Structures are given as C-alpha cells and as structure tokens.
Amino acid sequence: FSLTLHQRENETLKDQCAMLGEMVTKLETRNSSNEDVIEFLKSQLVKQLAQKGMVEDELSMEVAHRDETISSLEKSSALTREQSTRKIRTLEACNSCLEDKVEQLKAANGSLEARCVLIEEEKNVVEEELKTEMELFRIANTLHDII
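First, a word on what this report is: a plain description of the structure on this page. (Residues numbered from 1 in each chain as written. Predicted model: local features only at pLDDT ≥ 70, side-chain atom pairs only at ≥ 80, totals over all residues. Heavy atoms only, no water.)

## Considerations on the overall build of the protein chain
Looking only at helices and strands, one finds one helix and zero strands in the protein chain. In terms of overall dimensions, the protein chain is more spread out than a globule: its C-alpha atoms have a radius of gyration of 60 Å, far above the 15 Å expected for 147 residues. Along the three orthogonal principal directions, the C-alpha set of the protein chain runs to about 205 × 30 × 20 Å. Expressed as a percentage of the 147 residues in the protein chain, the buried residues total 0%. By element, 61% of the accessible surface of the protein chain is carried by carbon and sulfur atoms, the whole surface being about 13,800 Å². (Helix = DSSP H or I, 4+ residues; strand = E, 2+ residues; numbered from the N terminus. Rg over C-alpha atoms; globule rule 2.2 N^0.38 Å. Buried < 20%, exposed > 50% of the residue type's maximum accessible area, 1.4 Å probe, protein only. Areas by Shrake-Rupley, 256 points an atom, 1.4 Å probe, with all protein chains shown as cover.)

The structure is reproduced here in structure tokens:
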C-alpha cells in the first residue's frame, strides 16, 4: 500500500513537474515574446524620436523663415514709412509754393480786372468824344455844303 501510495505521489509529482515544466516553457515563451514586444516598442520609440527630431528641425526652419520674412517686412515697412514721410513733406512744400503762387495770380488777376475796368471806362470816354467829334465834323460839313 505504501508503495502504491508512493507511486501515486510519484505520479502526481511527475504530473505536477510536467505541468510546471509546461508552465515554465509557456512563461519562457511569453518572456521571449515580451522581449520581442519590448524590442519592437523600442524600435518604434526610436523611429518616433527620429521623426520628432525631423519635424522639430522642419518647424525650426519654418519659424526661422517666418522670422526672416517678418523682419524683412518690418524693414520694408519702415523704409516705406520714411519714403512716404519724405514725399509728404515734399508735397506739403510744393503745395505751400503753389498756394503762394495762386495767391499771387489772384492778386495779379484782381489788378488786371481793375485795369480792365479803367481801360473800359477810358474806351467809353474816347468813344463818346469820337462820337461828339464826328457829330461836330458832320455839322461842319453840312454847314460847309450849305455855304
């Protein structure tokens, strides 16, 4: 009986050892599989870090280009502002000169209009004198014809 019991215990132990062996094999397989997964994840992480580096480099270049563009536009704007300010000053000076010229021309025009009125009055006086002389000449001719 004892031998049978030992044999059964031996069988049970062998079965348990076999089960433990299978479990160890499964765990080793899983461990190997987990190591494969870890290696895969590491490689993916390296790829992602490389892509991140490339994207950061690209973004850095774009930011640098944008900064250069902004700087260029600011310089251009400042230059345009200076040129506009100079042109405005020049135009203001020209405008002032033209306004002075207009005032001079208005004064000259007023003077010419006054002179024109005087000449018109003189013309009227001369025409009246001429009419009078013509009338006198006609009367004198008529008298001369009568005599």
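## Some points on the pattern of salt bridges
Applying the stated rule across the entire model yields eight salt bridges. Where R66 meets D67, a salt bridge forms, and the shortest distance between an N and an O atom there is 2.7 Å. In this structure R66 comes out as partly exposed when scored by relative accessible area, which is 46%. Of the charged contacts, one joins E120 and K123 as a salt bridge, the two residues approaching to 3.3 Å between their closest N and O atoms. With a gap of three residues between them, E120 and K123 both fall in helix α1 (residues 2–146), about one helical turn apart. (Salt bridge = Lys/Arg side-chain N within 4 Å of Asp/Glu carboxyl O.)

## Quick look at a nonpolar patch on the surface
Residues L136, I139, L143 and I146 make up a contiguous nonpolar surface patch of about 410 Å² in total accessible area. With respect to the secondary-structure elements, I146 resides in helix α1. (Patch = residues over 30% accessible without salt bridge, like charges linked within 9 Å, V, L, I, M, F, W, Y side chains within 5 Å.)

## Details of the environment of N109
Its place among the elements puts N109 in helix α1. As for N109 and F137, which are separated by 28 residues in sequence, their C-alpha atoms are 40 Å apart.

## Overview of the environment of G21
In this structure, G21 sits in helix α1. Of the residues examined, G21 reaches a relative accessible area of 31% and is grouped as partly exposed.

## Side note on the environment of N95
Relative to the assigned elements, N95 resides in helix α1. By relative accessible area, which is 40% here, N95 ends up partly exposed. When the C-alpha atoms of N95 and N10 are compared, they prove to be 121 Å apart, with 85 residues separating the residues in sequence.

Interpretation in functional terms is not warranted from these geometric data alone.
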